[in-house]
Amino acid sequence: MLDPRTTNKDAYTLILEAIDSHIYKPGDRLVESELAERFGVSRTPIREALQRLETQSLLTRDGRSLIVASLDHSQLSELYVVRGELEGLAARLAARHAAPEEVKVLRDMLEEDRKLIGDPEGLSRANRRFHKQIHLGSHNRFLVQQLDLVHRSMALLATTSLAAEGRTEQSLDEHARIVEAIEAGDGAAAYQALRDHISEAFVTRLKLDAQAVEAAE
C-alpha cells in the first residue's frame with residue numbers, strides 16, 4: 001500500500017529517495033510497471049522520471065534495461081574532491097552567516113546523533129541531515145543547489161562509511177569540531193574541519209572498497 005507521506009511527491013522524488021535510502025542499490029534494474037505499482041502513480045511520470053535520472057547519470061543502460069549506476073574508482077575520487085571543496089566552502093560561509101538558532105540546531109543534532117551509535121543506517125540519515133543544515137546555514141542558494149547534486153551522486157555508494165569499525169565515534173567527534181568552528185565564527189577553521197572530515201570519510205571508503213575486493217577474490 002502506498003505510504004500517505006508519498007502522495008504529494010512526484011515520481012522523480014520518489015525514485016530518487018528510494019535510491020538514496022538504498023531500496024534500490026547500484027546494479028538494480030528499474031522497471032516502469034513495478035515502480036508505478038510501488039508508488040501508486042501512472043507509468044508516464046515514471047518514464048519521464050527515469051529519463052531525467054538517466055540524464056543525471058544516476059541511472060545507466062544495461063542493454064534495454066535501466067539500472068542504478070555505480071561509481072568506479074576515478075569517479076569516486078572526483079566526487080570526493082568536489083564534495084570536500086564545496087562542503088568546506090559551506091562551512092566557511094556558515095561561520096559567517098549562520099544565525100544563532102541555526103547553530104543551536106547543529107548543537108542539538110550532535111547530542112541526538114550520539115544516541116544512534118550502533119545504528120549505521122540511522123546515523124547515515126542523521127549525517128545527511130547534519131550536512132544539509134550546514135549547507136542551509138551558508139545562506140547561499142547556488143552553493144546549496146550544487147551540493148544537492150553532489151549528494152544525489154553519493155546515493156550511488158552501496159554502503160555508508162559509518163558502517164566501518166570505529167568510524168562512527170570518529171565522525172561524530174569531527175562533527176563537533178566543525179560546529180565549534182562555526183559557532184566561533186572562524187571560517188578558516190570551519191572550512192578545514194569539514195575538509196578533514198570529508199577526507200577521513202574518503203579514506204574509510206577506500207578501505208571498505210579494498211576489503212570488498214579482497215573478500216571477493
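Residues numbered from 1 in each chain as written. Predicted model: local features only at pLDDT ≥ 70, side-chain atom pairs only at ≥ 80, totals over all residues. Heavy atoms only, no water.

1. Concerning the overall build of the protein
Item 1. Helix and strand content of the protein: nine helices and three strands.
Item 2. Pairs at least 24 residues apart make up 74% of the contacts formed inside the protein by residues separated by at least 6 positions.
Item 3. Accessible surface, the protein as shown: approximately 12,000 Å² in total, 49% of it carbon and sulfur. (Helix = DSSP H or I, 4+ residues; strand = E, 2+ residues; numbered from the N terminus. Contact = heavy atoms within 4.5 Å. Areas by Shrake-Rupley, 256 points an atom, 1.4 Å probe, with all protein chains shown as cover.)

2. Observations regarding the pairing of strand S2 (residues 59-62)
Item 1. Across four bridges, the pairing between S2 and strand S3 (residues 65-68) is antiparallel. Residue pairing across strands places Thr60 opposite Ile67, the latter belonging to S3.
Item 2. Hairpin connection from S2 to S3: two residues lie between these consecutive antiparallel strands, with Gly63 at a positive phi of about 70°. (Pairing = 2+ DSSP bridges.)

3. Structural notes on the packing of aromatic side chains
Item 1. Overall, the coordinates contain one aromatic pair when judged by the stated rule.
Item 2. Look at Tyr80 and Phe202: their rings are 4.7 Å apart centre to centre, the planes differ by 15°, and that puts the pair in the stacked class. Taken as a pair, Tyr80 in helix H4 (residues 73-97) and Phe202 in helix H9 (residues 187-216) lie far apart in primary sequence, 122 residues in all. In this pair, the class of Tyr80 matches that of Phe202, namely buried.
Item 3. The aromatic ring of Tyr12 is capped on one face by Arg52, whose charged end is 3.6 Å from the ring centroid.
Item 4. A cation over an aromatic ring shows up here: Arg92 above the ring of Tyr191, its NZ or CZ 4.6 Å from the ring centre. (Phe/Tyr/Trp six-rings, centres within 6.5 Å; stacked < 30°, edge-to-face > 60°. Buried < 20%, exposed > 50% of the residue type's maximum accessible area, 1.4 Å probe, protein only. Lys NZ or Arg CZ within 6 Å of the ring centre and 35° of its normal.)

4. Details of the packing of helix H5 (residues 100-114) against helix H6 (residues 120-137)
Item 1. Between H5 and H6, whose axes approach to 10 Å, the crossing angle comes to 170°. Our classification of the angle between H5 and H6 gives roughly antiparallel. Crossing of H5 against H6: the hand is left-handed. From H5, Glu102, Val105, Leu106, Met109, Leu110 and Asp113 reach across to H6, where they touch Leu123, Ala126, Arg129, Phe130, Gln133, Ile134, Leu136 and Gly137.
Item 2. The class makeup of the residues in the contact of H5 with H6 is nine nonpolar, two polar and three charged. (Axes fitted to C-alpha atoms, helices over the stretch in contact; angles between N-to-C directions. Parallel < 35°, antiparallel > 145°, perpendicular 65-115°, else oblique. Left-handed = near helix turned anticlockwise from the far one by under 90°. Nonpolar A, V, L, I, M, F, W, Y, C, P; charged D, E, K, R; others polar.)

5. Section: the nonpolar core
Where a protein is soluble and globular, its nonpolar side chains tend to be buried together.
Item 1. By size, the foremost hydrophobic cluster in this structure holds 32 residues, and its most contacted members are Tyr80, Leu106, Phe130, Ile134 and Ile182.
Item 2. When residues of this core are traced back to their parent elements, those giving at least two are H4, H5, H6, helix H7 (141-154), helix H8 (167-183) and H9.
Item 3. Examining the composition of this core, we find that nine residues originate from one element, H4, more than from any other.
Item 4. Phe130 has contacts with Leu106, Met109, Leu110, His175 and Val179, leaving out every residue within four places of it along the chain.
Item 5. Residues Tyr12, Leu14, Ile15 and Leu66 belong to the second largest nonpolar core, which totals 23 residues. (Core = buried A, V, L, I, M, F, W, Y, C linked by side-chain atoms within 4.5 Å.)

6. Structural notes on the side chain of His175
Item 1. In this structure, His175 sits in helix H8.
Item 2. The contacts of His175, once residues within four sequence positions are left out, are Leu110, Asn127, Phe130, His131 and His197.

7. Some details on the pattern of salt bridges
Item 1. Across all of its chains, the model carries twelve salt bridges by this definition.
Item 2. For Asp173, the salt bridge is made with Arg114, and the minimal N-O distance between the two is 2.8 Å. With a gap of 59 residues between them, Asp173 in helix H8 and Arg114 in helix H5 connect regions that are remote in the sequence.
Item 3. For Arg114, a relative accessible area of 38% gives the class partly exposed.
Item 4. Several salt bridges converge on common partners, so that one network encompasses Glu32, Arg43 and Arg47. (Salt bridge = Lys/Arg side-chain N within 4 Å of Asp/Glu carboxyl O.)

8. A short note on the confidence of the model for the protein
In low-pLDDT segments, the atomic positions of the prediction should not be examined closely.
Item 1. With 90% of its residues at a pLDDT of at least 70, the protein reaches an overall mean of 89.
Item 2. Residue range residues 1-8 is modelled with pLDDT below 50. Its contacts to residues more than four positions away, or to other chains, number five contacts. (pLDDT = per-residue confidence, 0-100.)

9. Brief notes about the environment of Asn127
Item 1. By the element assignment, Asn127 lies in helix H6.
Item 2. For the pair Asn127 and Met109, spaced 18 residues apart in sequence, the C-alpha to C-alpha distance is 9.2 Å.

10. Notes on the packing of helix H1 (residues 11-20) against helix H3 (residues 43-55)
Item 1. Two elements in contact, H1 and H3, have axes separated by 8 Å at closest approach and are oriented at 55°. In terms of orientation, H1 and H3 fall into the oblique class. The crossing of H1 and H3 is right-handed. Packed against H1, whose contacting residues are Ala11, Tyr12, Ile15 and Leu16, the element H3 presents Pro45, Ile46, Ala49, Leu50, Arg52 and Leu53 at the interface.

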